[in-house]
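# Breakdown of the fold
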Amino acid sequence: MNSPYGFHFDNGYARLPERLFARCEPTPVAAPVRVLFNGPLAGQLGLDACALDSPDGAALLAGNTLAEGSEPIAQAYAGHQFGYPNMLGDGRAILLGEQLTPDGWRRDIQLKGAGRTPFSRGGDGRAALGPMLREYLISEAMHALGIATTRSLAVVATGEPVYRETALPGAILTRVAASHLRVGTFQFAAGQRDPALLETLVDYTLERHYPELSDSDNKALALLDSVMERQLDLIVHWMRVGFIHGVLNTDNVALSGETIDYGPCAFMDQYHPDTVFSSIDHQGRYAYGNQPAITQWNLTRFAETLLPLIDTDTDTAVQKATNVIKSFSGRYDDKWLAMMRAKLGLFGEDPVDATLVQDLLDWMQRRQADYTNTFRDLIDETAPVDEIYQDDAFENWHQRWQARLSRNAKPLKSSFCLMRNHNPAVIPRNHKVEEALNAAVRDDDLGPTHRLLDALSHPYQDRDDINDYRQPPKPTERVLQTFCGT
Ligand code: AMP
Ligand code: MG
């Protein structure tokens, strides 16, 4: 159905068995005012950015009115949170519909913070402005970095307070996703003990994300393998740019392969594999260096849900699923090393590569070097001159790296080009994100948020006008903890 805003919904999920979701409408808010709006994304979705840039548009993005063709639902899902199973479901997110874009894509349009749903448990169904701006900033930064992610169309202030430790301004984020199918969606369906329901979900997932697999002999097994492949690619990208998701629970693993759910996530400044920012991650379960192992764990939970469809004989099903799960480590190691080679400008494969990479990481860890800037500093004909590099261990490493580069069958400038494309110059550093959010929330000043968004829009380019976004935090600026803000 067409609408004056360009919405063109076709809501496949709302046609699935009703156990998988609950129909529920957003709860209207007092005074919706648009805070951020993503014009280019609106264009890609086929939406009319000008029409949405109006009080009526703000009302729509707050859920006060519904676009034509919306069939609002809250999706059911379960999940392992920090290792423990839980029934969850969208407690504060309402899917308006699936937008058919001019390019032939299908994208979920969801309001996050739109009010209570049957899955809200004790929660208020609302979100605070700071965390919604944070999701907008970081998801758009991820997109600009070339990493699969849900996107952010708008943040609308509600004109109502939300009560956390203190009263905070409320807001609603419009999230755009390839879908909101999660490992947790399958955990919920498996818990219903109805193989037909599970099979419907497998078919839906294949149709939506892996149409090339719909003729497979063993669709469930093929799905497991392909979801793993996309997760591997995703995690390797996170490791490349120093991203720490922070709450890698099974309900936050999207089957599309997109990064989803930006809570206490953060980018690492100084390199250390144990880096954790999330205030609720006391054991370091979701530390930077644990992300591959946790992803394998999450995929094992996914595999468990698929067993009845993989084979009617349970032992055979377990055997087949285990073979896929066991392939994770080897596949990860290969992809990770290939990624690290690109970060170091190395073409081809050489027996010294793995050690060369590890020795640099170990040096960075010992010297508390900045992960982003170290790789970027290497892109030069001569060795970097900053004080931190005036060290025998680094000089030795640099000579070995130069020797390896000389064995490339390509000129040095090709290596530098490769490095520029794999090592961002600018990432959303935590202290800059916090600075922008504080200005927006405390002082009603969106200037720093807009400047940060601009700085993050072309992260692989050297730009003199954004140098302050490239500096690591001074000791006094360091942000040690990030919060979910739920
Ligand atoms: P998250 O940490 O964002 O992945 O959220 C975990 C679960 O808690 C999800 O089911 C959310 O929908 C739910 N949730 C988070 N915040 C709220 C809230 N303020 N009200 C209701 N449910 C919430
Ligand atoms: Mg979540």
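For the structure, see preceding data.
Attention here is on the structure that accompanies the text. (Residues numbered from 1 in each chain as written. Chains lettered and ligands numbered in written order. Predicted model: local features only at pLDDT ≥ 70, side-chain atom pairs only at ≥ 80, totals over all residues. Heavy atoms only, no water.)

## Observations concerning the coordination of the magnesium ion (ligand 2)
Every protein donor of the magnesium ion (ligand 2) is accounted for by Asn252 (OD1) and Asp261 (OD), and the metal-donor separations fall at 1.9 to 2.2 Å. Exposure remark for asparagine 252: the relative accessible area of 7% places this residue in the buried category. (Donors = N, O, S within 2.8 Å, 3.2 Å for Na, K, Ca; no water. Buried < 20%, exposed > 50% of the residue type's maximum accessible area, 1.4 Å probe, protein only.)

## Details of the pairing of strand 5 (residues 84–87)
Sheet analysis places strand 4 (residues 78–81) next to strand 5, joined by 4 bridges and oriented antiparallel. Residue glutamine 81 lies in a different strand from strand 5, and its bridge partner there is tyrosine 84. Linkage of strand 4 to strand 5, two consecutive antiparallel strands, is achieved through a turn of 2 residues, within which phenylalanine 82 is found at a positive phi near 50 degrees. (Pairing = 2+ DSSP bridges. Helix = DSSP H or I, 4+ residues; strand = E, 2+ residues; numbered from the N terminus.)

## Details of the environment of asparagine 323
Tracing the backbone through its elements, the reader meets asparagine 323 in helix 9 (residues 314–343). When the C-alpha atoms of asparagine 323 and glycine 79 are compared, they prove to be 23 Å apart, with 244 residues separating the residues in sequence.

## Quick notes on unusual backbone geometry
We note that arginine 193 has phi near 50 degrees; this positive angle belongs to a residue other than glycine. Looking at the secondary structure, you find arginine 193 in the loop between helix 5 (183–191) and helix 6 (195–209). For arginine 193, a relative accessible area of 74% puts it in the exposed group.

## What about helix 8 (residues 291–310)?
Between the first and last C-alpha of helix 8 there are 27 Å, a value that for 20 residues agrees with the 28 Å anticipated at 1.5 Å per step. The sharpest bend along helix 8 measures roughly 35 degrees and falls at glutamate 304, with the proline proline 308 sitting one to four residues further on. (Expected span 1.5 Å × (residues − 1). Bend = angle between axes of the 7 residues up to and from the residue.)

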